[in-house]
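Listed below are the residues making up each chain.
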Amino acid sequence: DGPEIRPNPKHGSPETMGCFSSKHPHLDKYFAEMAKAAKDSADALNTAMGNGDFDAILGMGGGIKTRDAEMKKTLIIHATNAFKHHDKDGNKVLDQNESEVFFQHYAACYVRHFKNSGIAQGKKTGAMAASMMGALGGAAVQREMKQQMDAQIKQLTDQANKKLADYEQNKATLNKAAFAVLDVNKDGKLQQEEVVTALTPHHTKNVEFHLALGLMTQLEAQMAGLLGSKEEKSEGGGCSMQ
């Protein structure tokens, strides 16, 4: 497999992010890094809003771009290690069987990330809103805000569970579609570069990969600003939570 590439240790531990499995450790680390970056950005925004620091809010764009550039480098390292982990015969390509295992592991990790990060952010945002509104409207308003938050979390959880259930039910067809998207040179195998490119956020292949696996809809991609942008057509661009 070759030596494992090690990321910068300052980016945090996947264990502390609540996302770790011996079946696919590098994919878990990949999604833990995404979750950490999203949390850091959200925390910075919430702090600035809480302090009424509008100058800080307006100036956050540069910091986000810097963090995204660092995150992208780390994600590429984890994606490379994930490829090597799934290349069981060590021949530097993923064949059909290895690719299917990779796709299945990726779908499971993606849905868990989608669900956990959405719930965590929803609870934090809901608690802040309830606190602010509660100061104005009292306990009744706080209860109503909590009920709304609980309903939104349930909706997100149901949506995430449905994504994975739909994938499992149709994985033969979806895996075939994803393989076709990634197999750029059409040699019937997946090269490391093809897989890493597909796991590079905001790259065209990343969007196509998620669409092919049924993990993202066209509408979701459009709402996230992932379709039709010039940035998307290159390897540049910021990283979305997806």
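In this text, all values refer to a predicted model and were calculated from it rather than measured experimentally.

Cut-offs and rules
Residues numbered from 1 in each chain as written. Predicted model: local features only at pLDDT ≥ 70, side-chain atom pairs only at ≥ 80, totals over all residues. Heavy atoms only, no water. Helix = DSSP H or I, 4+ residues; strand = E, 2+ residues; numbered from the N terminus. Buried < 20%, exposed > 50% of the residue type's maximum accessible area, 1.4 Å probe, protein only. Contact = heavy atoms within 4.5 Å. Areas by Shrake-Rupley, 256 points an atom, 1.4 Å probe, with all protein chains shown as cover. Core = buried A, V, L, I, M, F, W, Y, C linked by side-chain atoms within 4.5 Å. Expected span 1.5 Å × (residues − 1). Arc of directions from axis to C-beta. Phe/Tyr/Trp six-rings, centres within 6.5 Å; stacked < 30°, edge-to-face > 60°. Lys NZ or Arg CZ within 6 Å of the ring centre and 35° of its normal. pLDDT = per-residue confidence, 0-100. Axes fitted to C-alpha atoms, helices over the stretch in contact; angles between N-to-C directions. Parallel < 35°, antiparallel > 145°, perpendicular 65-115°, else oblique. Salt bridge = Lys/Arg side-chain N within 4 Å of Asp/Glu carboxyl O.

Regarding its fold elements, the chain presents 9 helices and 2 strands. Relative to its 242 residues, the chain shows a buried fraction of 40%. Within the chain, contacts between residues separated by at least 24 positions form 70% of all contacts whose residues are at least 6 apart in sequence. Put simply, the chain shows about 13000 Å² of open surface, and 57% of that area lies on carbon and sulfur atoms.

This next bit is on the nonpolar core. If you look at the biggest cluster of nonpolar residues, it comprises 43 residues, and the most contacted ones within it are Phe102, Phe103, Tyr106, Leu199 and Phe209. Considering each element in turn, this core owes the most residues, 9 residues, to helix H4 (residues 96–137). Setting aside its immediate chain neighbours within four residues, phenylalanine 209 contacts Phe102, Phe103, Tyr106, Ala178, Val181, Leu182, Ala198 and Leu199.

With 12 residues, helix H6 (residues 171–182) ought to run about 16 Å at 1.5 Å a step, and its terminal C-alpha atoms sit 16 Å apart, in line with that. Every buried residue of H6 is listed here: Leu174, Asn175, Ala178, Phe179, Val181 and Leu182. The buried side chains of H6 occupy one side of the element, clustering within an arc of 160 degrees when seen end-on. Away from the buried face of H6 by more than 90 degrees, exposed residues Ala172, Thr173 and Lys176 are located.

Enumeration over the complete set of coordinates arrives at 9 aromatic pairs. The interplanar angle of 55 degrees and the centroid separation of 5.3 Å between the aromatic rings of phenylalanine 31 and tyrosine 106 together place this pair among those described as tilted. Here the residue phenylalanine 31 occupies a position in helix H1 (residues 25–50), and tyrosine 106 occupies one in helix H4, the gap between them amounting to 75 residues. On the basis of relative accessibility, which here comes to 0%, the residue tyrosine 106 falls in the buried class. Clustering of aromatic rings is evident, with ring pairs tying together Tyr30, Phe31, Phe102, Phe103, Tyr106, Tyr110, Phe114 and Phe209. Between lysine 163 and the ring centre of phenylalanine 114, over which it is positioned, the NZ or CZ distance is 5.6 Å.

Another point: helix H8 (residues 204–213). Most of H8 sits inside the fold, with 7 of its 10 residues counted as buried. For H8, the full list of buried residues reads Thr204, Asn206, Val207, Phe209, His210, Ala212 and Leu213. A positive phi of about 75 degrees marks glycine 214, the residue just after H8.

Across the chain, the average pLDDT comes to 79, with 71% of residues at or above 70. Every residue in residues 1–21 is under pLDDT 50, and counting partners more than four places away or in other chains gives 37 contacts. Counted against residues more than four places away or in other chains, residues 229–242, with its pLDDT under 50, gives 39 contacts.

The interhelical angle for the contact between helix H5 (residues 139–169) and H6, taken along N-to-C directions, is 90 degrees, at an axis separation of 5 Å. The angle between H5 and H6 falls in the class roughly perpendicular. Residues Asp166, Tyr167, Glu168 and Gln169 of H5 form the contact with H6, whose own contacting residues are Lys171, Leu174 and Asn175.

Let's shift gears to the pattern of salt bridges. One pass over the structure, following the stated rule, counts 6 salt bridges. A salt bridge links aspartate 158 to lysine 154, with the nearest nitrogen and oxygen atoms 2.8 Å apart. Here lysine 154 and aspartate 158 lie together in helix H5, a separation of 4 residues that amounts to about one turn. For aspartate 158, a relative accessible area of 38% puts it in the partly exposed group. For lysine 171, the salt bridge goes to glutamate 168, with nearest N and O atoms at 3.3 Å. Residue classification places glutamate 168 among the partly exposed residues on the basis of a relative accessible area of 33%.

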